[in-house]
Amino acid sequence: MEKKVILSGIQATGDLTLGNYIGALKNFVKMQDEYDCYYMIANLHALTVRREPKELKNNALKILASYIAAGIDPDKSTIFLQSQVQEHAELGWVLDCYTYMGELSRMTQFKDKSSKHADNINAGLFTYPSLMAGDILLYQADLVPTGEDQKQHVELTRDLAERFNKLYGETFVVPNAYVRKSSARIMGLQDPTSKMSKSATNLNDVIFLEDEPEVILKKFKKAVTDSENRVKFDPENKPGVSNLMQIYSAITGKSMEEIENEYDEIAQASFNINKKMENKVKKYSLLITVFGLILLGICLLFGFQDGFDKMWESRSWLCILGIIATIVGIVARIVSIFIKPKASLLEDLKWNKEELENWHKNVMIILLFLMKNMISIFYVHNIKKKTVK
């Protein structure tokens, strides 16, 4: 049985990203055993943005090296440089003559790139979907691996193939888009609503394949998530977390459900550890606070009995120890309220406020109880003095 033909490529516009690997290279390797694959280095498309010739050449060589390093086998797949096959430009011009202005003006990629390069809105940027159609139809490709954002170009290619075939007979194979749902689009780490791009101005937004491991780790740690303390795949409401889950899924092969369960178990283990720590801190902070209040109570007692000046001269260390113990106990308790894990930060703050208020009430009750006893002792002491006199 004859294998179906696949054509795809990557523009020679800069260092490849993690998005390129997950969305393209990783799948290129998987497809080469099942299909007759043609993988090009699209350096003609890269000309829509002005570049130095040396830079363009180096970028092309880097992509070639990345193809081979990713696992594309030249014995199984055809790897080529777009500009070295002159028929690409020739067929691109022919298809320009069969593409309507309205069709090209509706291309979202043109609108996006025009906004990014407002100083260089050239004719090539406008007509490059016709060149892309030429790339595909030249090899009679049955399938075109593409992300959701590129499906519009494949639809235009289909329209041009059908238009040409209708006029001149069956000339071109009408291709179909080949989209892998699990890794169709990897978004930026800082802006999870936009695609991860080689041309990103914020370097923390993109993972380059040539980044050092330490740099990659830092970028992931800085990635935008949300205020909820939960890992759940929900691209609409949790785009940052969902994007990280897509990356994790693509690299490990785990489903979204497996990832959610994995992090639920981690969260539960963290909850148990934090709960034990919280209970210990709560217990010891209360004991330290009570100890401090007792010391202060003793100081009051001696102050009432011997006079505060005399008491301070002989027992200032006792008062200072009491003050320090009380402050340490209160601060420790305040810190401990932030240990308890909750579903969200807002719930944490609400619970902490209520818990703190209750704890303050308990401390005040203890303090009032000690003051009452001190006053009672002082009253009894005065009665005894009067009786002796």
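Cut-offs used in this document
Residues numbered from 1 in each chain as written. Predicted model: local features only at pLDDT ≥ 70, side-chain atom pairs only at ≥ 80, totals over all residues. Heavy atoms only, no water. Helix = DSSP H or I, 4+ residues; strand = E, 2+ residues; numbered from the N terminus. Contact = heavy atoms within 4.5 Å. Areas by Shrake-Rupley, 256 points an atom, 1.4 Å probe, with all protein chains shown as cover. Pairing = 2+ DSSP bridges. Right-handed = clockwise from strand over helix to strand, strands pointing away. Expected span 1.5 Å × (residues − 1). Bend = angle between axes of the 7 residues up to and from the residue. Buried < 20%, exposed > 50% of the residue type's maximum accessible area, 1.4 Å probe, protein only. Polar contact = N/O pair within 3.5 Å; in protein donor to acceptor, adjacent residues only side chain to side chain. Phe/Tyr/Trp six-rings, centres within 6.5 Å; stacked < 30°, edge-to-face > 60°. Core = buried A, V, L, I, M, F, W, Y, C linked by side-chain atoms within 4.5 Å. Axes fitted to C-alpha atoms, helices over the stretch in contact; angles between N-to-C directions. Parallel < 35°, antiparallel > 145°, perpendicular 65-115°, else oblique. Left-handed = near helix turned anticlockwise from the far one by under 90°. Nonpolar A, V, L, I, M, F, W, Y, C, P; charged D, E, K, R; others polar. Salt bridge = Lys/Arg side-chain N within 4 Å of Asp/Glu carboxyl O. pLDDT = per-residue confidence, 0-100. Patch = residues over 30% accessible without salt bridge, like charges linked within 9 Å, V, L, I, M, F, W, Y side chains within 5 Å.

## What to know about the overall build of the protein
Piece 1. Assigned secondary structure in the protein consists of twelve helices and five strands.
Piece 2. Within the protein, counting contacts between residues at least 6 apart in sequence, those at least 24 apart form 69% of the total.
Piece 3. If you sum the accessible surface of the protein, you get close to 22600 Å²; carbon and sulfur atoms cover 59% of it.

## Side note on the pairing of strand β3 (residues 78-81)
Piece 1. Bridging between strand β2 (residues 36-42) and β3 involves four bridges; their strand directions are parallel. Counted as the bridge partner of Tyr39 is Ile79 from β3.
Piece 2. Crossover connection from β2 via helix α2 (residues 53-70) to parallel β3: handedness right-handed.

## Focus on unusual backbone geometry
Piece 1. In the Ramachandran plot, Gln140 falls in the positive-phi region, its phi being about 50° despite a non-glycine side chain.
Piece 2. Along the chain, the position of Gln140 falls in the loop between α6 (123-138) and β4 (143-145).

## With respect to helix α1 (residues 18-31)
Piece 1. Between its terminal C-alpha atoms α1 stretches 19 Å, which fits the 20 Å expected from 14 residues at 1.5 Å a residue.
Piece 2. Most pronounced at Ala24, the bend in α1 amounts to some 30°.
Piece 3. Burial within α1 is extensive, with ten of its 14 residues counted as buried.
Piece 4. The backbone nitrogen of Gly19 lies 3.2 Å from a side-chain oxygen of the residue at the head of α1, namely Thr17.

## Quick notes on the packing of aromatic side chains
Piece 1. In total, this model carries ten aromatic pairs according to the counting rule given.
Piece 2. Ring geometry for Phe28 against Tyr39: centres 4.2 Å apart, planes inclined by 15°, an arrangement best described as stacked. Of this pair, Phe28 sits in helix α1 while Tyr39 sits in strand β2, and the two are eleven residues apart along the sequence. As far as burial versus exposure is concerned, Phe28 and Tyr39 are alike and both buried.

## Quick word on the nonpolar core
Piece 1. One finds Ile10, Leu25, Phe28, Met31, Tyr39, Ile63 and Tyr67 to be the most contacted residues of the largest nonpolar core, which totals 19 residues.
Piece 2. Counting residues per element, the ones that place at least two in this core are β1 (5-11), α1, β2 and α2.
Piece 3. In this structure, Leu137, Leu156, Ala161 and Phe172 belong to the second largest nonpolar core, which totals 14 residues.

## As for the packing of helix α3 (residues 87-96) against α6
Piece 1. Contact geometry for α3 and α6: axes closest at 8 Å, N-to-C directions at 120°. As the angle between them shows, α3 and α6 are arranged oblique. Crossing geometry of α3 relative to α6 is assigned as right-handed. The segment α3 lies against α6, with Glu87, His88, Ala89, Leu91, Gly92, Leu95 and Asp96 engaging Thr127, Ser130, Leu131, Ala133, Gly134, Asp135, Leu137 and Leu138.
Piece 2. In terms of residue class, the contact of α3 with α6 is built from seven nonpolar, five polar and three charged.

## Quick word on the pattern of salt bridges
Piece 1. Applying the stated criterion to the full structure yields eight salt bridges.
Piece 2. As a salt-bridge pair, Asp211 and Lys219 come within 2.8 Å of each other at their nearest N and O atoms.
Piece 3. Judged by relative accessible area, Lys219 falls into the buried class, the value being 5%.
Piece 4. Close ionic contact of Lys238 with Asp226 constitutes a salt bridge, the shortest N to O distance being 3.0 Å. You can see Lys238 sitting in the loop between α8 (213-221) and α9 (239-252) and its partner Asp226 sitting in the loop between α8 and α9, a full twelve residues away along the chain.
Piece 5. On the basis of relative accessibility, which here comes to 4%, the residue Lys238 falls in the buried class.

## Section: the side chain of Thr48
Piece 1. By the element assignment, Thr48 lies in the loop between β2 and α2.
Piece 2. A relative accessible area of 8% means that Thr48 is categorised as buried.
Piece 3. Of note is the side chain of Thr48, whose polar atom sits 3.1 Å from the backbone oxygen of His45.
Piece 4. Among residues more than four places away in sequence, those in contact with Thr48 are Asn120, Asn122, Gly124, Leu125 and Tyr128.

## Description of the confidence of the model for the protein
Piece 1. For the protein, the average pLDDT comes to 79, and 72% of its residues sit at 70 or higher.
Piece 2. For the protein, the element scoring lowest by mean pLDDT is helix α12 (residues 345-388), at 50; α3 scores highest, at 96.
Piece 3. Low pLDDT, under 50, characterises residues 341-353; the stretch is placed with 18 contacts to residues that sit more than four places away or in other chains.

## Overview of a nonpolar patch on the surface
Piece 1. On the surface, Tyr284, Leu287, Ile288, Ile320, Ile324 and Val328 cluster together into a nonpolar patch covering about 540 Å² of accessible area.
Piece 2. Contributing elements (two or more residues each) for the nonpolar patch: α10 (256-306) and α11 (308-336).
Piece 3. Assignment of secondary structure puts Ile324 in helix α11.
Piece 4. Classification of Ile324 by relative accessible area gives partly exposed; the value is 47%.

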